Amino acid sequence: MSDNRSMESSQEDAIPVASPMPGAQAGEAGIPRRVFLGAGLAGTLLVAVGSRFLSHDQATVEATSDYALILDLNKCVGCRACEQACTERNQLPEGQSFIHILPKGDPDSRWFLPIQCQHCQDAPCVKVCPAQATYRHPTGVILVDETACVGCKYCVVACPYDARIYEEHAGVAYKCWLCLDRVLGGGAPACVDACVTGTRIFGRRSDPAIARLLESGRVQALHPELGTKPGVLAYIFPGA
Ligand code: SF4
Ligand code: SF4
Ligand code: SF4
């Protein structure tokens, strides 16, 4: 497996995924799936891969993360291809993305810090959501059930990584969902596929290449002092 592509077909073939944006495309090449587009779910796309359908109440019971998205900041050139890919993938308005790229350092030693949902293991957004609309998928990915979101924006305030986007028209606070439909089908998130520099290294934590990298001492959480325990995102900072 190359270092910036997902590693293998998953065992979560039966786990459904709610798409984060009305009308966002779900499932791409080769993903076996059933698509539920009910009249009562106008504008909402629910995807079940396989035959079993779990409610998100059932999906909150496990807290381990299966995946890692490691950003090697030594390679990021700030081209924003990932940001744009996310905009397109999620049909966000032009100029909005679940990724934001922060320029860092001096003009002479510029580097770039892409930020998106860290899929925290101890996620403040999950804790403050009064409607359980933000929840943990069994893979450890934090998802938003847009049909349950009441638009209170508590999660927007609670997220220390500024990773939520509140969509006024829908009244929903969206966020990165790790392109989970693609991932469960054995693919990679759109932002990973869009990055041609090799900054974005994605795969299962159990994959030997990913496991070696995670244990190398080069990989760090972003702002671990915040105590949210990022569960998917991790960074190799410049010089590491
Ligand atoms: S596409 Fe890759 S190199 Fe470009 S900004 Fe995103 S992470 Fe950095
Ligand atoms: S980064 Fe923010 S939105 Fe993502 S899980 Fe953590 S607190 Fe929630
Ligand atoms: S994983 Fe998908 S939803 Fe998340 S930032 Fe990348 S493209 Fe956007």
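Residues numbered from 1 in each chain as written. Chains lettered and ligands numbered in written order. Predicted model: local features only at pLDDT ≥ 70, side-chain atom pairs only at ≥ 80, totals over all residues.

### Examining the overall build of the protein
Definition in use: Numbered from the N terminus, helices here are DSSP runs of H or I no shorter than four residues, and strands are runs of E no shorter than two. To sort residues by burial, count the other C-beta atoms lying within 10 Å of each one's C-beta; a count of 20 or more means buried, 12 or fewer means exposed, and anything in between means partly exposed. C-beta atoms are built from the backbone. Two residues qualify as being in contact provided that their C-beta atoms, derived from the backbone, are within 7 Å of each other.
The helix and strand inventory of the protein stands at six helices and twelve strands. Relative to its 240 residues, the protein shows a buried fraction of 42%. A fraction of 65% describes how many contacts in the protein between residues 6 or more apart in sequence connect residues 24 or more apart.

### Let's talk about unusual backbone geometry
Although it is not a glycine, L178 adopts a positive phi angle of roughly 60 degrees. Relative to the elements of secondary structure, L178 occurs in the loop between β10 (172-174) and α4 (180-184). Take L178: there are 31 C-beta atoms within 10 Å of it, and that puts it in the buried class. Here C179, not a glycine, exhibits a phi torsion of approximately 45 degrees, which is positive.

### Thoughts on the site of ligand 1
The line we're drawing: Residues are counted as near a molecule or strand when the C-beta atom, derived from backbone positions, lies within 6 Å of that molecule or strand. Just so you know the grouping, Ala, Val, Leu, Ile, Met, Phe, Trp, Tyr, Cys and Pro go in nonpolar, Asp, Glu, Lys and Arg go in charged, and all remaining residues, Gly too, go in polar.
Around ligand 1 lies a shell of 15 residues, among which C76, C79, A81, C82 and C195 are the nearest. Here the shell around ligand 1 is composed, by residue class, of ten nonpolar, three polar and two charged.

### Quick look at the pairing of strand β12 (residues 233-236)
Definition in use: What makes two strands pair is DSSP finding at least two bridges between them.
With burial as the criterion, each face of β12 is covered, one bearing L233 and Y235 and the other bearing A234 and I236. As paired elements, strand β4 (residues 67-72) and β12 share four bridges and run parallel to each other. Paired with L69 across the two strands is L233, which belongs to β12.

### Some details on the environment of A81
By secondary structure assignment, the location of A81 is in helix α1 (residues 81-89). The contacts of A81, once residues within four sequence positions are left out, are A194 and C195.

### Description of the site of ligand 2
Around ligand 2 lies a shell of 14 residues, among which C117, C120, A123, C125 and C159 are the nearest. Residues of the shell around ligand 2, tallied by class, amount to nine nonpolar, three polar and two charged.

### Thoughts on the sheet that holds strand β11 (residues 200-204)
Sheet strands pair via backbone hydrogen bonds, and the direction of the pair is either parallel or antiparallel. Going by this rule: Angles here are taken between N-to-C directions and fall from 0 to 180 degrees, while the axes themselves are lines fitted to C-alpha atoms, restricted in helices to the stretch in contact.
Spatially, the three strands line up as an open sheet ordered β11-β4-β12, and their pairing is mixed. Each edge of the sheet is formed by a strand with only one pairing partner; in this case those strands are β11 and β12. When the angles between neighbouring strand axes are averaged without regard to direction, this sheet yields 25 degrees. Relative to β11, β4 runs antiparallel, the two being bridged by five bridges. Looking at β11, one finds that L69 is bridged to F202.

### Some thoughts on the environment of A173
Among the structural elements, A173 can be located in strand β10. C-alpha of A173 to C-alpha of C149: the two residues are 24 residues apart in sequence and 7.4 Å apart in space. Aside from chain neighbours lying at most four places away, what touches A173 is V144, C149, K153, C155, V156, R164 and Y166.

### Points about the nonpolar core
How we decide: Connectivity within a nonpolar core runs through C-beta atoms within 7 Å, and the core itself is a set of buried Ala, Val, Leu, Ile, Met, Phe, Trp, Tyr and Cys residues.
Ranked by size, the top nonpolar core spans 52 residues in total, and within it I70, I142 and L178 carry the most contacts. Top contributing element to this core by residue count: β4, with five residues. Among all residues touching I70, those that are not within four sequence positions of it are I201, L213, V219, A234 and I236.

### Quick notes on α1
How we decide: Working note: the arc is built from the helix axis to C-beta atom directions.
Within α1, the full set of buried residues consists of C82, E83, A85, C86 and R89. The buried residues of α1 occupy an angular sector of 165 degrees when projected down its axis, which confines them to one face.

### Notes on the confidence of the model for the protein
It should be kept in mind that the predicted coordinates are not to be read in detail where pLDDT is low. Spelled out, the test is: The predictor attaches a confidence to each residue, and that confidence, scored 0 to 100, is pLDDT.
For the protein, per-residue confidence averages 80 on the pLDDT scale, and residues scoring 70 or more make up 73% of the total. Contacts for the low-pLDDT stretch residues 1-63, under 50 throughout, to residues beyond four places or in other chains number 122 contacts.

### Here we look at the environment of C176
Following the sequence through the fold, C176 ends up in the loop between β10 and α4. The class for C176 is buried, based on 29 C-beta atoms found within 10 Å. C-alpha of C176 to C-alpha of C86: the two residues are 90 residues apart in sequence and 8.5 Å apart in space. If we ignore the near neighbours within four places in the chain, the residues touching C176 are F98, Q116, C117 and A163.

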